Amino acid sequence: MLGLIAGHFVLAACAGVFTRWWGRRAFLVLALAPAATAVWAALEWNAVAGGRVLTQTWKWAPALDLEIALRLDALSLLLTVLAGGVGALVLVYCAGYFRDDEPGLGGFAGTLTAFAGAMLGLVLADDLMLLYVFWELTTVLSFLLIGHSAGRKANRRSALQALIVTTAGGLAMLVGLLLLGHAAGTDRLSVLVAHPPATGPAVRTGIVLVLLGALSKSAIWPFSLWLPGAMAAPTPVSAYLHAAAMVKAGVYLVARLAPAFAAVAPFKALTVGLGIATMLLGGWRSLREYDLKRILAYGTVSQLGFLTALVGTGTRDAALAGVTLLLAHALFKAALFLVVGAVDQAAGTRDIRRLSGQARALPLLCAFATLAAASMTGLPPFLGFPAKEAAFAALSPLPLTLVVAGSALTVAYTLRFWWGAFGPGEKAAGAAPPAGWEKTAPVGALAVAGLVLGPYVGRLEPLLGRYASTVPMDPGSTPYHLALWHGWSTPLALSILAWAAGAALFAASTPLIRLARKTALPTAEAAFARTVRGTEWFALQLTGTVQRGSLAVYLTTALLVFTGAESYALAHDTPWHTPGGTPRLADDAAQAAVALAVMAAALLCVTARLRMKAVVLAGTTGYGTGVLFVLQGAPDLALTQFTVETASIVVFVLVLRRLPSRFPRTAPRRRRVNYAVGAAAGALVAVLTYLTAAARQAADARDALVEATEHDGVKNVVATILVDLRAWDTMGESAVLAVAAVGVTSLLFLRRRAGALPRAGDGEEPGTVWRAGPREAAAPESLAPERTWLAAGGTLAEERRSVVFEVLARLTFHPILVLSLYLLFCAENLPGGGFTAGLVAGLALVVRYLAGGRYELAAAAPLDAGFLLGAGMVVSVGTGLGGLLLGGAVLDAGTYHTHLPVFGKIHLASPVLFDFGVYLLVLGVVLDVLRGLGAKIDQQIEREQGRTGPEGGEAA
């Protein structure tokens, strides 16, 4: 099971490469993952129907008792078949739906494949937290799929709307799962359902919160507003997410919890009450729509309400009807959505007022759409008929009356859909050629499946009844059995009544539409839009009040709060009374001298008027701290401190190009306040540092750390701690570093983040870089007319060039890179490590950039910074997962010893590979900063110089 889930994500990661190789045909390869899932589930069908339950557990962090728990029973098998089978057909459909030159095709293909894997993980998860992880992963991936055409405002708005609604519900569900798990004393979903906790306020609250997540995911009123808007997504997304997969997640969760909690008071009231209300409201609203996809969207909302009411009723017969209808709905609704996509591409519109003649233009699709529509209306012998009869037989009088009314609306909007798409009329002008097999075959497979399964519905009962048997029977009732024909009965009479009423509603649809539009209340979409606008207005007012745009005010406020809170804690708790040793202020005179020099540099930095002077003095304090590390016998920390300070100074210098050379003058009163606040905060930190050292009572941890590292024959305690003992922390900190760097530099890219930098001669733009004023464009072949020490030295203006600097940059670049690799691989026994080595390699790029500009940086590092960042995270995470693959835990260290003829004994360890990932990530961060704060600002400066002459006037 875990292998199937991982296979989806592996193929998703390769989707970009596949689409570059094969274009839209790559979807056929990506369909292999969900197809394999469907085949595997089909092979397990009889065993699971017979009572077998498959489980798989993988302890990925044994020390923390964290594990991946998967479970396949009757209900999860049904959803697995749908997620895999429909997913594979939709991916095949994509091969005929999209063009090879579709923008973002690789990203879309990968996201859709990953969504199929996330949906599979959701229905197989037996751990509450794992369930939530996959739940939110489907939310994020659906947001990306709905917003595929990011250039369209409707897509962005719809994606954001779906994200807000479903994420809010997911957060509520998380709290509910925690409450239920705590009350039951377990984090296993199967144990929670088999042995539910005693009913109490916490359990009732947990149930309500979990249902909020489930109802929002399945678009149940009042959360149904996001689903119709999501129709802005490409049709394959609508067919898969909004018919067979994502929206079924909420129904699945309700069905999963119903055997244990249906008898608890809020459960049935919420699921049945809101479900039936949604069925009626969605069906009525669909009669007002003219867009084919929106008719199906509101019809989907209606059917989801029907499903929720059935599985939430809490009886065996209703549960059986619910899962049968769940299967039928996925088949006919996915088929109809795919039909809409083909009709839209053939006729160029989805408006039923403009469509005509599609039955003759697309006869095969029309036949398949007829089969699917017949199943949706519950006509025999289609699967929808026995499912609806089972529902009519399972419900009590009041819900039954309302459901029959909802079924009549279903018949009405289904007829309206079919007539609008394929009704008689002339062939639409400009119609495209008939749909190819990629678009026709998936529709046919889904529609024919609904036809075939109807007469053989009894063969589904062993599996579907296996789940239904977990729900209690009504006292005194006999079990209902699935069959196409039960003879003349009340459910059949109600079905006939629903068909007749639905046909009458369709015949009278024109006046009904006029009435509905006259009496229509504000739509949920409009209410949501007003809510968003109101929230934005309130945020702007609040931000305008508390965010004054003054960094000094922000820092003063933060320091005052910190100083006041900590001072109160010191006065109240009196930590100085805690017995402990007295820390030494200095070990020798050299430490004291360096400390005094650092203090002097800090004081001079406070009084500096020039920004550059302040940067140098601030860097001096950092270098002085590194010297203290050296004197204390910590060369690793010193080396890291030196490289960090050097890189920081470079970043400061790059930013200072866009700032005045001097600090703005500050009023004397403000200056005195700044001095007082800074002195108070500094004194407090000094006191806290002293008290922390003085209050130590436990034994020093250094001996234990040295012992823990030396057992593997390594001597560098610091590096071993970072990549082995505390590798989880290092991985998390690396991810934070990458996100922070990408976030900061992205602020400089007005439209979108660029890829790799252009190289000299690529024709990116005319002119050369770092000039004092505008010049004539140079031809690419004349950018470097003479021999230069640097690859792009000819792109620099003469007044900006330094021959000495260029020579030094050329001579030191490769030795610095070799030094960085040495620091990387010697970290087991000597000072170094991935972080320090990455910074050193980054400094080599800094030297090349400062000597030759952005074209030189492109020549030195032709790779995209994002590629290095991603590669670093992949290597680090992959190393961690390697421990799992070898049967251990995440980030378990592995070593390999061998002997080579020339080199002798060779010792290879997985922490070195983990450190290499950190190396790549840090190098990517430095390159991204240079690209953003360096090359991007260079371009901005050059554009400004192109608009104005050296004296600030307009350029000719």
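Please read these numbers as outputs of a predicted model, since none were measured by experiment.

1. Remarks on the overall build of the protein chain
So, point 1. Summing up its helical and strand segments, the protein chain has 37 helices and 4 strands in all.
So, point 2. Residues counted as buried form 49% of the 956 residues belonging to the protein chain.
So, point 3. The long-range share in the protein chain, meaning contacts at least 24 apart out of those at least 6 apart in sequence, stands at 78%.
So, point 4. In the form shown here, the protein chain has an accessible surface area of approximately 43600 Å², with 66% of it arising from carbon and sulfur atoms.

2. Some points on the packing of helix α16 (residues 316–347) against helix α22 (residues 461–468)
So, point 1. For the pair α16 and α22, the least separation of the axes is 8 Å and the interaxial angle reads 130°. Accordingly, the angle class assigned to the pair α16 and α22 is oblique. The crossing of α16 and α22 is right-handed. Counting all contacts with α16, which are made through Arg-316, Ala-319, Leu-320, Val-323 and Thr-324, the residues of α22 involved are Glu-461, Leu-464, Gly-465, Tyr-467 and Ala-468.

3. What about the nonpolar core?
So, point 1. Within the largest apolar cluster, 183 residues are counted, with the highest numbers of intra-cluster contacts made by Tyr-240 and Phe-261.
So, point 2. When residues of this core are assigned to their parent elements, the largest contribution, 22 residues, is made by α16.
So, point 3. By size, the runner-up hydrophobic cluster in this structure holds 39 residues, among which are Val-650, Ala-738, Tyr-919 and Leu-927.

4. Thoughts on α16
So, point 1. When the terminal C-alpha atoms of α16 are compared, their 46 Å separation across 32 residues agrees well with the 46 Å that a helix rising 1.5 Å per residue should span.
So, point 2. Within α16, 31 of the 32 residues are buried, leaving the element largely enclosed by the surrounding structure.
So, point 3. Following α16 by one or two positions, Gly-348 has its phi on the positive side, about 80°.

5. Some details on the packing of aromatic side chains
So, point 1. If you walk through the whole model with that rule in mind, you get 14 aromatic pairs.
So, point 2. Centre to centre, the rings of Phe-18 and Trp-21 are 6.2 Å apart; their planes meet at 45°, and the pair counts as tilted. You can see Phe-18 and its partner Trp-21 sitting in helix α1 (residues 2–22), 3 residues apart, about one turn around the helix.
So, point 3. What links up through ring pairs into an aromatic cluster is the set Phe-27, Tyr-93, Tyr-97, Phe-98 and Phe-108.
So, point 4. Between Arg-416 and the ring centre of Tyr-290, over which it is positioned, the NZ or CZ distance is 5.1 Å.
So, point 5. The ring of Phe-813 has Arg-848 sitting right over it, with the charged end atom 4.5 Å from the ring centre.

6. Side note on the packing of helix α3 (residues 32–43) against helix α5 (residues 74–97)
So, point 1. Contact geometry of α3 with α5 gives a least axis separation of 7 Å together with a crossing angle of 145°. For the pair α3 and α5, the crossing hand works out as left-handed. Note on element contacts: α5 touches α3 through Leu-77, Thr-80, Val-81, Ala-83, Gly-84, Gly-85, Gly-87, Ala-88 and Leu-91, opposite Pro-34, Ala-35, Thr-37, Ala-38, Trp-40 and Ala-41.

7. Description of the confidence of the model for the protein chain
So, point 1. Counting all residues, the mean pLDDT for the protein chain is 81, and 88% of those residues have values of 70 or more.
So, point 2. Ignoring residues within four places in sequence, the model shows residues 427–432, a span with pLDDT below 50, making 11 contacts including any to other chains.
So, point 3. Between residues 947–956, whose pLDDT stays under 50, and residues either more than four places distant or in other chains, the model counts 13 contacts.

8. Description of the pattern of salt bridges
So, point 1. Taken as a whole and assessed by the stated rule, the structure comprises 16 salt bridges.
So, point 2. With a shortest N-O distance of 3.7 Å, Arg-316 and Glu-461 are connected by a salt bridge. With Arg-316 in helix α16 and Glu-461 in helix α22, this residue pair connects regions lying 145 residues apart in the sequence.
So, point 3. Looking at Arg-316, the relative accessible area reads 9%, which means it is buried.
So, point 4. With relative accessibility at 12%, the residue Glu-461 sits in the buried group.
So, point 5. Across the salt bridge formed by Arg-848 and Glu-856, the nearest N and O atoms sit 2.6 Å from each other. Neither residue differs from the other here; Arg-848 and Glu-856 are each classed as buried.
So, point 6. Sharing partners across several salt bridges, the network here consists of Glu-67, Asp-126 and Arg-188.

9. Topic: a positive patch on the surface
So, point 1. A surface patch of like charges, here positive, comprises Arg-609, Arg-662, Arg-665, Arg-669, Arg-671 and Arg-672.
So, point 2. Turning to its location among the elements, Arg-665 is positioned in the loop between α29 (635–656) and α30 (668–694).

10. Structural notes on the side chain of Glu-67
So, point 1. For Glu-67, the location among the structural elements is in strand β2 (residues 66–72).
So, point 2. One polar contact links Glu-67 to Arg-188, side chain to side chain, over a distance of 2.5 Å.
So, point 3. Not counting chain neighbours up to four residues away, the residues in contact with Glu-67 comprise Thr-57, Trp-58, Lys-59, Trp-60 and Arg-188.

11. Describing α22
So, point 1. The buried fraction of α22 is high, at 6 of 8 residues.
So, point 2. If you check which residues of α22 are buried, you get Glu-461, Leu-463, Leu-464, Gly-465, Tyr-467 and Ala-468.
So, point 3. Summarising the contacts, the buried residues of α22 are in contact with α4 (45–49), α5, α13 (246–261) and α16.

12. Digging into unusual backbone geometry
So, point 1. The step from Trp-221 to Pro-222 runs through a cis peptide bond, and the omega angle for that step is 10°.
So, point 2. Take Pro-222: it is sitting in the loop between α10 (201–217) and α11 (226–229).
So, point 3. Of note, the amide linkage connecting Pro-380 to Pro-381 takes the cis form, showing an omega dihedral of 10°.
So, point 4. Mapped onto the fold, Pro-381 is located in the loop between α18 (363–377) and α19 (384–394).

13. Comments concerning the environment of Ala-38
So, point 1. Here Ala-38 is to be found in helix α3.
So, point 2. Overall, Ala-38 belongs to the buried group, its relative accessible area being 16%.
So, point 3. For the pair Ala-38 and Leu-79, spaced 41 residues apart in sequence, the C-alpha to C-alpha distance is 9.9 Å.
So, point 4. Among all residues touching Ala-38, those that are not within four sequence positions of it are Val-81, Gly-84 and Gly-85.

Here is what the cut-offs are and how they apply
- Residues numbered from 1 in each chain as written.
- Predicted model: local features only at pLDDT ≥ 70, side-chain atom pairs only at ≥ 80, totals over all residues.
- Heavy atoms only, no water.
- Helix = DSSP H or I, 4+ residues; strand = E, 2+ residues; numbered from the N terminus.
- Buried < 20%, exposed > 50% of the residue type's maximum accessible area, 1.4 Å probe, protein only.
- Contact = heavy atoms within 4.5 Å.
- Areas by Shrake-Rupley, 256 points an atom, 1.4 Å probe, with all protein chains shown as cover.
- Axes fitted to C-alpha atoms, helices over the stretch in contact; angles between N-to-C directions.
- Parallel < 35°, antiparallel > 145°, perpendicular 65-115°, else oblique.
- Left-handed = near helix turned anticlockwise from the far one by under 90°.
- Core = buried A, V, L, I, M, F, W, Y, C linked by side-chain atoms within 4.5 Å.
- Expected span 1.5 Å × (residues − 1).
- Phe/Tyr/Trp six-rings, centres within 6.5 Å; stacked < 30°, edge-to-face > 60°.
- Lys NZ or Arg CZ within 6 Å of the ring centre and 35° of its normal.
- pLDDT = per-residue confidence, 0-100.
- Salt bridge = Lys/Arg side-chain N within 4 Å of Asp/Glu carboxyl O.
- Patch = residues over 30% accessible without salt bridge, like charges linked within 9 Å, V, L, I, M, F, W, Y side chains within 5 Å.
- Lys, Arg positive; Asp, Glu negative; His and termini not counted.
- Charge placed at Lys NZ, Arg CZ, Asp CG, Glu CD.
- Polar contact = N/O pair within 3.5 Å; in protein donor to acceptor, adjacent residues only side chain to side chain.

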